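Chain residues, written in single-letter form:
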Amino acid sequence: GPQSVNTIAVLGFKRRCRELFKQEKMVPVLVVWLALCLSGTWAVDRSNFKTCDQSSFCKRQRALKPGESPYRALLETMELTNTRLTLQLINDNNKVRLLLELYRLQGNMTRVKINELKPLKPRYEVPDVLVREPPTEPIKCHCLDENGVVLSLGVESQRVIVSAQPFRLDIVEGHNVLMSLNSRGLLAFEHLRMRKDTQAEPEAENKEETTKEEEEKVEEGMWEETFKSHSDSKPNGPSAVSLDFSLPGVEHVYGIPEHADTLRLKTTDNGDPYRLYNLDVFQYELYNPMALYGAVPVMLAHNTQRTTGIFWLNAAETWVDISSNTAGKTVFGKMLDYVQGSSETPQTDVRWISESGIIDVFIMLGPTPKDIFSQYASLTGTQSFPPLSSLGYHQCRWNYNDQEDVRSVDAGFDEHDIPYDFIWLDIEHTDGKRYFTWDPHKFASPKDMLQGLKDKKRNMVAIVDPHIKVDSNYKIHNEIRSRGFYVKNKDGGDYEGWCWPGNAGYPDFTQPDMRAWWASMFSYDQYEGSMDNLYTWNDMNEPSVFNGPEVTMHKDAVHGSWEHRDVHNLYGLYVHRATMEGLIQRSGGVERPFVLTRAFFAGSQRYGAVWTGDNAAEWDHLKISIPMCLSLGLVGISFCGADVGGFFKSPSPELLVRWYQTGAYQPFFRAHAHLDTPRREPWLFGPENTALIREVIRQRYTFLPYWYQLFYHAYRTGEPVMRALWVEYPQDPATFAVDDEFLIGRDLLVHPVTEEGARGVTAFLPGKEEVWFDIHTFQKHNGAQNLYIPVTMSSIPVFQRGGSIIPRKLRVRRSSACMEHDPYTLFVALNTRRTAEGELYIDDGHTFNFDNKEFIHRRLFFSNNVLSSVNVAPEAQFTTKSWIERVVILGASKPRKVTLITADGHKSQLDFDFDASVSVLTIRKPSMNAGEDWSMALQ
Amino acid sequence: MFWYLLLLWGGISAVEVQRPRGVPLSKRPFYEENKPFTCLDGSRTIPFDRINDDYCDCQDGSDEPGTAACPNGNFHCTNAGFRPTFIPSSHVNDGICDCCDATDEYNSGAECQNTCRELWRKEKESMQKLAEIAKEGFLLKQQLIQEAKRGLEEKQTKLGEVQNSKKDLETNVEALRTAKEAAEQPEKEAKERHLKAWEEQNAAIRMEKDKVRMAEVFIELDADGDGFVSVAELLSHSEMDPDSSDGSFTEAEAQELLGGVDKVNTAAFETIWSKIREKYVSESNTDGPAPVETPQEEVREPVSDNDSEPYPDDDIPEEEDEDEDEDEDEDMDDGDYKSPPVTRTDEKKDDSEEGAMPPYDQETQNLIDAAQKARNEFEEAERALREVDDQIRNLEKEISFDFGPSSEFAYLYSQCYELTTGEYVYRLCPFNRVSQKPKYGGSETNLGTWGKWAGPEGNVYSVMKYEQGTGCWQGPNRSTTVKLTCGKETVVTSTSEPSRCEYLMEFTSPAVCQEAPDLEVSDIHEEL
């Protein structure tokens, strides 16, 4: 009941409070925390976080209603080079001019940039997120008259129509409008200005200027804003930007993580917009648009015909409004007369509002979901290819108390024959929350501990947070201070805030030299006690500032020449990046890093894994893990997971088992628990539950070759590993809102049990042409149906798609590295045409040598009763000891004989078993090396 | 290649025993060379060459005792020189040395040393050490048992004595109770007489005063001095409005007050005085009725006792902070303020000048003194009886306490043992409580009071459980598990908190020592 919920909620506070009190006594600012401690209730304390109404720019911008835009394109200013169109826009109300830049990018994308023509001072343009300056394609001016310009894009029949008055952009293909910008007239660009309310009389020359402009009123919150007791000084005044996008024919939009909400985004007419502002939200609530730890300003729009995407490259606080077209059809200008459109066409309108910076938007035109992934990947890069071990199981807890604790948990896994790859240390492992150090009593000999893990081919992760204890006896602090690397407060001093260590400074990760220095701190000689099997976890990098506004940094804090306001959502990405670079550099660029982050931005996929933050041991939190990771996958971040078991509170054994079963089929598989919760290592809930958890972790390990190959694929293409159903079945509207099940790659369909006391689940099996095989019973089911599946506690409904071949390793050992040389079993699931296809990817599992063509990549296919393995990367070189020990063909008929033909033409007969009850053929021990050419004929 | 060639030294003659890799001697008969093999679960029969051929044919894994092919198989480490053991098949050739004889890593490239003899030597040493401790401890335990026995006898003797003395005390108490009651009766009567006389005197005085006041009021009301109080004169005193809530004092109401006439003289005024007396406000007293007394200071909720405070050791700074959250805190307190303030119920102030009751006369005082003396003597005797009862209870409790099969743990009763760690001093008072006190100041936290023996079946006296300690804030109550091991000394050797608020303490005592144990040589085939 709610009471018990309340009870646990406060534990979190308590811990934070206790930690703080332990560190420093009698510090006035602690009163803040005390108040929080005392007023703790379950669920987020909403009053700690702003609503749109409390964020003055959002309130101002949202107050603008759709209507005629005051902006007019000055066609006479148009300049068109081969690759770029520029054009001035004027706001007829205040006469301020903007500069519009329009680019056609390679890969079916259009980039629209709008900045002030002559800003009072430069406005922030987000650096370091794009992997390169996106290559352009020629634009051709199609026609030009006093009403506007028509530009043709690329080779396709796409055009951009620039309407002059009011200014709007329409992107059309053939007779279809794909997307319109400023069609609702909500483009708004708050130009930088001198402060008038308190300034002396403007000088004469300015005066003249002023008279030309319509007097702009100074609204409350433009030059100063207070939230709770926090004051934001806003020296630059109002600087917000906003723009609306209309998506005709679209009823489904996705993305803009991170929110604890459904996969399909909701309209926001009756509440706040979705907010993107990286925040440490204590005990977040589900199913609402509040901001969370990370922000990726990318939205996907989808209908049966096409998928498009909007990437709004802005790192300031951002709000996104979504409405659908019940409000009526957009009025089209006469330039668009030829465009057919009926009032019945569904339409979604979205509107982006950011506090500062410029408008820099990438319009990705698909047309398929996979095109979108590749377009977005070409802009911001792909998922980093993680070490194979990081796809295994991670055992975490706040905290493993000491080396003996680590040793005994490690031994527990062997005793109970449960595999795991990583054990994690949270903040208590440090010497007084001084990162890069070890508690001298509890972790007196970290290298012994790490060696102990290494002897079992296992690894460790230790936390390194970006808040640095202000302590003149702490080397890291002294170095950062003396090098001037801290973020500054508005008055120029080092910014200080409260976090785990008490008073802390925040390194300015936006500075390249700061990041380089930070990275160097991970070298083995700098980070004492570290070894090559120690990896890193960046938490609290929103950044979390306990006594700051909304538990984060003051917006008027200063990063070089920019305000924190401008860079906020990028901070976490930079921390993640610098840490990852440190791990690469310590091995001389040889070893792949593994770094987990809580805060993220567009591009964070390049640096490692993310998790969904501090969730709770509740069934709804288990459910929400699916849409949260699916949404991240859509915007490039594949390596996603939720704390298995739930961070806050204590799960019932049933919930814990169900969470393991779900987590084992999600990309990042880590159990984690709050300090105040009872211990929950997998063997602490009785032999039955231990067996259930063991079984599903072992299932995870049998699928590691498939997971690994999918991550390689994600690294190459940007396609998500964990996929929403509509990505693979884009023409089936029944899949569009499904978020209680998901695909891994395209070949595994998972419908986890997320209801308490469930006796059955109803899974939707997509695809009219498809058949699906239960991976446990090998039962075959037809696609395009809702299938009721009775479940017991051991059930985790997973299906392999007919037409696929999945390589697995069934010899589960205590860690992934122990399985390196083990043989494969190929699961060949036949479709209705009796064919199947799959891949096999093998490399050393941990270095960058795959970039030097040291890998095996083979295509496996079955047709005409012959299964073959062919090399799809003949230029690559790698050898493996692994061999094929078994081939299991699902949906097969019984052959008379099975003949193996190896690369040298040698033929041999193979033994096999046929189970007629489920039509499964098991071919015994063909024994060929996994890297070789071979074929196998069924006669 | 999948066969062991084992040379076994059985006494003087060497015997060669061949068996598939990973099979224990006990199961060797099931693996008959060159004969079809039936899986040990009987599920199927396979050719002999499929044993240890690195492919799993049997569901129970019995065809692959020496490889990692079966997910549920076991590998037998002979571990000559040490203890044989089974390891999961998944540990075979995984590059990690598990068997001390290195037989599990025959094809992984791992360089494993045979460490069986070294292990055996170490184990022997430590077992010898343990045996020595156990031996000495066991001797000490015999003494403890003797002491406990003596102690028990002493206590039983004491109990008998005390129980006897209790009877005398009970008789005494009864006698004194009678004496007390006898003395209290005349005391009570005398006091009542005294009180009654005083009250009568007071009544007379009050009546006199009331008459004086009535006369004064009449004169005050009779504004025109005509010797009558009229309706008009009464109306000037709005406080007299019988239904004051309607805000208007009408003539009719005034007339009714006057008994239905327009005016009254002093005699008639007497008859209506009782209706006027309470409400009337003298004109000379313009302030109206005395204002409600406000308490001098808020009586705040008392600070709860330290034990239930979340952070007993942390002083919470009281300094002002501008953060909003602080304000919220204030708001919360405001809620408390809204409840009506509790007026202090001081002794009701007498508005008359009656003064204190006059002292008792000598005769009454004598009776009171005599009764008081009898009361004191009675209470004294009762207290003595209670003390004896306590003593009996404590003795009975201790005598009936479960101090182990031979009362060997009795010596721990009413003792305490401490362990100082970096931060805290831990204190174990067996059969009583466990506590923790910060080393550098701060109050003590109760980690649990004696609950029960909680060892596993057959060894119940190896674990103590202390429960219901100080509650963790909004969480469970603290509890401590004390694990007892054999030692010559009685000491707390370690404490930890494996899970939040659940403590683990290790404690050595000779009372746990068993008779000098076997070296369990039978378990280790050093000579095999």
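Computed from a prediction, not measured in an experiment: that's the story for all the values here.

## What about the overall build of chain B?
Working step 1: Looking only at helices and strands, chain B has six helices and 16 strands in total.
Working step 2: Expressed as a percentage of its 528 residues, the buried residues of chain B come to 36%.
Working step 3: Residue pairs at least 24 apart in sequence account for 45% of intrachain contacts in chain B once pairs closer than 6 positions are excluded.

## A few points about the overall build of chain A
Working step 1: Within chain A, the regular secondary structure consists of 16 helices and 52 strands.
Working step 2: Its C-alpha radius of gyration of 29 Å places chain A within 12% of the 30 Å reference for a compact globule of 939 residues.
Working step 3: Taken along its principal axes, the extent of the C-alpha atoms in chain A is 95 × 75 × 55 Å.
Working step 4: Here chain A, with 939 residues, has 66% of them falling under the buried criterion.
Working step 5: Contacts spanning at least 24 positions in sequence make up 72% of the contacts within chain A whose residues lie at least 6 apart.
Working step 6: Of the roughly 31,400 Å² of accessible surface on chain A, a fraction of 48% belongs to carbon and sulfur atoms.
Working step 7: Taking the average place of the 101 positive charges on the side chains of chain A and the average place of its 121 negative ones, the gap between the two points comes to 4 Å.

## Topic: the environment of Thr266 of chain B
All names here are of chain B.
Working step 1: Mapped onto the fold, Thr266 is located in helix 4 (residues 266-277).
Working step 2: Taking the C-alpha atoms as reference points, Thr266 and Ala215, 51 residues apart in sequence, are found 7.7 Å from one another.
Working step 3: Those residues in contact with Thr266, other than ones at most four positions away along the chain, are Phe218 and Gly227.

## So, the packing of aromatic side chains
Working step 1: A complete count under the given rule lists 71 aromatic pairs over all chains for this structure.
Working step 2: An angle of 25° between the planes, with centres 6.1 Å apart, marks the rings of Phe385 of chain A and Tyr715 of chain A as stacked. Within this pair, whereas Phe385 of chain A is found in the loop between helix 5 (369-380) and strand 22 (393-395), its partner Tyr715 of chain A is found in helix 15 (residues 704-717), the two being separated by 330 residues in sequence.
Working step 3: Ring geometry for Phe269 of chain B and Trp273 of chain B: centres 6.0 Å apart, planes at 40°, overall tilted. Of this pair, Phe269 of chain B and Trp273 of chain B both sit in helix 4, four residues apart, which is roughly one turn of that helix. For the residue pair Phe269 of chain B and Trp273 of chain B, the accessibility class agrees, reading buried in each case.
Working step 4: Taking the ring centre of Phe228 of chain B as reference, the NZ or CZ of Lys263 of chain B above it sits at 4.5 Å.

## Regarding the sheet that holds strand 44 (residues 824-829) of chain A
Residue and element names in this part refer to chain A.
Working step 1: Spatially, ten strands are ordered 43-44-48-51-50-49-52-47-46-45 in a closed barrel, and the strand pairing comes out mixed. Each strand axis lies, on average, 20° off the axis of its neighbour in the sheet, ignoring direction.
Working step 2: Sheet topology places strand 43 (residues 804-808) next to strand 44; five bridges connect them, and they run antiparallel. Paired with Ser804 across the strands is Ala829, a residue of strand 44.

## Brief notes about the packing of helix 9 (residues 512-520) of chain A against helix 11 (residues 571-586) of chain A
All names here are of chain A.
Working step 1: Direction vectors running N to C along helix 9 and helix 11 enclose 45°, while the axes themselves pass 7 Å from each other. Here helix 11 runs oblique to helix 9, going by the angle between their axes. Handedness of the crossing formed by helix 9 with helix 11: right-handed. Along the contact surface, helix 9 presents Arg515, Trp518, Ala519 and Ser520, while helix 11 presents Tyr574, Val575, Arg577, Ala578, Thr579, Glu581, Gly582 and Gln585.
Working step 2: A per-class count over the contact of helix 9 with helix 11 returns five nonpolar, four polar and three charged.

## Here's the deal with the pattern of salt bridges
All names here are of chain A.
Working step 1: Enumeration over the complete set of coordinates arrives at 93 salt bridges over all chains.
Working step 2: Measuring nitrogen to oxygen at the nearest pair gives 2.8 Å for the salt bridge that ties Glu285 to Arg46. Taken together, the positions of Glu285 in the loop between strand 16 (274-276) and strand 17 (298-302) and Arg46 in the loop between helix 2 (30-38) and helix 3 (56-63) put the pair 239 residues apart, joining distant regions of the chain.
Working step 3: The exposure class assigned to Glu285 is partly exposed, which follows from its relative accessible area of 26%.
Working step 4: Residues Asp822 and Arg813 are paired through a salt bridge, measuring 2.7 Å at the closest nitrogen-oxygen approach. Of the two residues examined, Asp822 and Arg813, each falls in the buried class.
Working step 5: One network of salt bridges, in which partners are shared, links Asp232, Arg275, Glu317, Glu355, Glu550, Lys555, Glu563 and Arg565.

## Details of the UniProt feature "coiled-coil region" (unreviewed entry) in chain B
Residues and elements named next belong to chain B.
Working step 1: According to UniProt, the feature "coiled-coil region" (unreviewed entry) maps to residues 145-208 and 364-398 in the numbering used here.
Working step 2: The span residues 145-208 is 100% helix and 0% strand, and its two end C-alpha atoms sit 86 Å from each other.
Working step 3: A helix fraction of 100% and a strand fraction of 0% characterise residues 364-398, whose end C-alpha atoms lie 51 Å from each other.

## Section: the state of the cysteines
By definition, a disulfide links the sulfur atoms of two cysteines through a covalent bond.
Working step 1: Taken as a whole and assessed by the stated rule, the structure comprises nine disulfides over all chains.
Working step 2: What pairs with Cys56 of chain B in a disulfide is Cys70 of chain B, and their sulfur atoms sit 2.0 Å apart. Since a negative S-S torsion denotes a left-handed disulfide, the Cys56 of chain B-Cys70 of chain B link at about 110° is right-handed. Residue Cys56 of chain B is found in the loop between strand 4 (45-46) and strand 5 (74-77), and its partner Cys70 of chain B is found in the loop between strand 4 and strand 5; the two are separated by 14 residues along the sequence. Neither Cys56 of chain B nor Cys70 of chain B differs from the other in exposure class; each is buried.
Working step 3: What pairs with Cys486 of chain B in a disulfide is Cys513 of chain B, and their sulfur atoms sit 2.0 Å apart. Between Cys486 of chain B and Cys513 of chain B, the S-S torsion sits near 90°, and that sign places the bridge as right-handed. On the criterion of sequence distance, the pair formed by Cys486 of chain B in strand 14 (residues 479-486) and Cys513 of chain B in the segment after strand 16 (502-509) is long-range, its members being 27 residues apart.
Working step 4: Given the relative accessible area of 27%, Cys486 of chain B is considered partly exposed.
Working step 5: Cys97 of chain B provides the cysteine sulfur closest to Cys818 of chain A, a residue in no disulfide bond, and the two sulfurs are 11 Å apart.
Working step 6: The exposure class assigned to Cys818 of chain A is buried, which follows from its relative accessible area of 5%.

## A few points about the side chain of Glu190 of chain A
Residue and element names in this part refer to chain A.
Working step 1: Topologically, Glu190 is positioned in the loop between strand 11 (188-189) and helix 4 (204-212).
Working step 2: Within the structure, Glu190 has its side chain in polar contact with the side chain of Arg60 (distance 2.7 Å).
Working step 3: Once you skip the residues sitting within four places of it in the chain, Glu190 turns out to touch Arg60, Gln61, Glu116, Arg123, Pro238, Ser239 and Ala240.

## Some thoughts on the pairing of strand 50 (residues 907-915) of chain A
All names here are of chain A.
Working step 1: Alignment of strand 49 (residues 898-902) against strand 50, held across four bridges, turns out to be antiparallel. Within strand 50, the residue paired with Val898 across the bridge is Leu910.
Working step 2: Between the end of strand 49 and the start of strand 50, which pair antiparallel, lie four residues, with Gly905 showing a positive phi angle near 85°.
Working step 3: Counting the residues that bridge the hairpin from strand 50 to strand 51 (residues 920-924) gives four residues, and of these Ser919 lies at a positive phi of roughly 60°.

## Overview of the nonpolar core
All names here are of chain A.
Working step 1: Membership of the largest hydrophobic core comes to 177 residues, with the highest contact counts inside it found for Phe311, Phe436, Trp518, Tyr660, Tyr665 and Ile744.
Working step 2: Tallying contributions element by element places helix 12 (residues 619-634) first for this core, with nine residues.
Working step 3: With near-sequence residues (within four places) excluded, Trp518 lies in contact with Phe436, Val464, Asp465, Pro466, Ile468, Pro507, Phe509, Val575, Ala578 and Thr579.
Working step 4: The next biggest cluster of nonpolar side chains, apart from the first, holds 50 residues, and it includes Tyr71, Ala73, Val160 and Ile171.

## Concerning the UniProt feature "domain: Glycoside hydrolase family 31 TIM barrel" (unreviewed entry) in chain A
Working step 1: Look at the UniProt record and you will see "domain: Glycoside hydrolase family 31 TIM barrel" (unreviewed entry) annotated at residues 384-710 of chain A.
Working step 2: The annotated region residues 384-710 of chain A carries 34% helix and 13% strand content, and the separation between its end C-alpha atoms amounts to 12 Å.

## Describing the UniProt feature "domain: Glycosyl hydrolase family 31 C-terminal" (unreviewed entry) in chain A
Working step 1: Residues annotated in UniProt with the feature "domain: Glycosyl hydrolase family 31 C-terminal" (unreviewed entry) correspond here to residues 718-806 of chain A.
Working step 2: Helix makes up 4% of residues 718-806 of chain A and strand makes up 38%, while its end C-alpha atoms are separated by 20 Å.

## Some points on unusual backbone geometry
All names here are of chain A.
Working step 1: A cis geometry characterises the amide bond from Gln165 onward to Pro166, with omega recorded as -5°.
Working step 2: With an omega of 10°, the peptide bond between Gly366 and Pro367 qualifies as cis.
Working step 3: Its location among the elements puts Pro367 in the loop between strand 21 (359-364) and helix 5.
Working step 4: Of note in this structure, Asp128 is not a glycine but carries a positive phi near 65°.

About the thresholds
Residues numbered from 1 in each chain as written. Chains lettered and ligands numbered in written order. Predicted model: local features only at pLDDT ≥ 70, side-chain atom pairs only at ≥ 80, totals over all residues. Heavy atoms only, no water. Helix = DSSP H or I, 4+ residues; strand = E, 2+ residues; numbered from the N terminus. Buried < 20%, exposed > 50% of the residue type's maximum accessible area, 1.4 Å probe, protein only. Contact = heavy atoms within 4.5 Å. Rg over C-alpha atoms; globule rule 2.2 N^0.38 Å. Areas by Shrake-Rupley, 256 points an atom, 1.4 Å probe, with all protein chains shown as cover. Lys, Arg positive; Asp, Glu negative; His and termini not counted. Charge placed at Lys NZ, Arg CZ, Asp CG, Glu CD. Phe/Tyr/Trp six-rings, centres within 6.5 Å; stacked < 30°, edge-to-face > 60°. Lys NZ or Arg CZ within 6 Å of the ring centre and 35° of its normal. Pairing = 2+ DSSP bridges. Axes fitted to C-alpha atoms, helices over the stretch in contact; angles between N-to-C directions. Parallel < 35°, antiparallel > 145°, perpendicular 65-115°, else oblique. Left-handed = near helix turned anticlockwise from the far one by under 90°. Nonpolar A, V, L, I, M, F, W, Y, C, P; charged D, E, K, R; others polar. Salt bridge = Lys/Arg side-chain N within 4 Å of Asp/Glu carboxyl O. UniProt positions renumbered as here; feature names shortened; annotations may be inferred. Disulfide = S-S within 2.5 Å. Polar contact = N/O pair within 3.5 Å; in protein donor to acceptor, adjacent residues only side chain to side chain. Core = buried A, V, L, I, M, F, W, Y, C linked by side-chain atoms within 4.5 Å.

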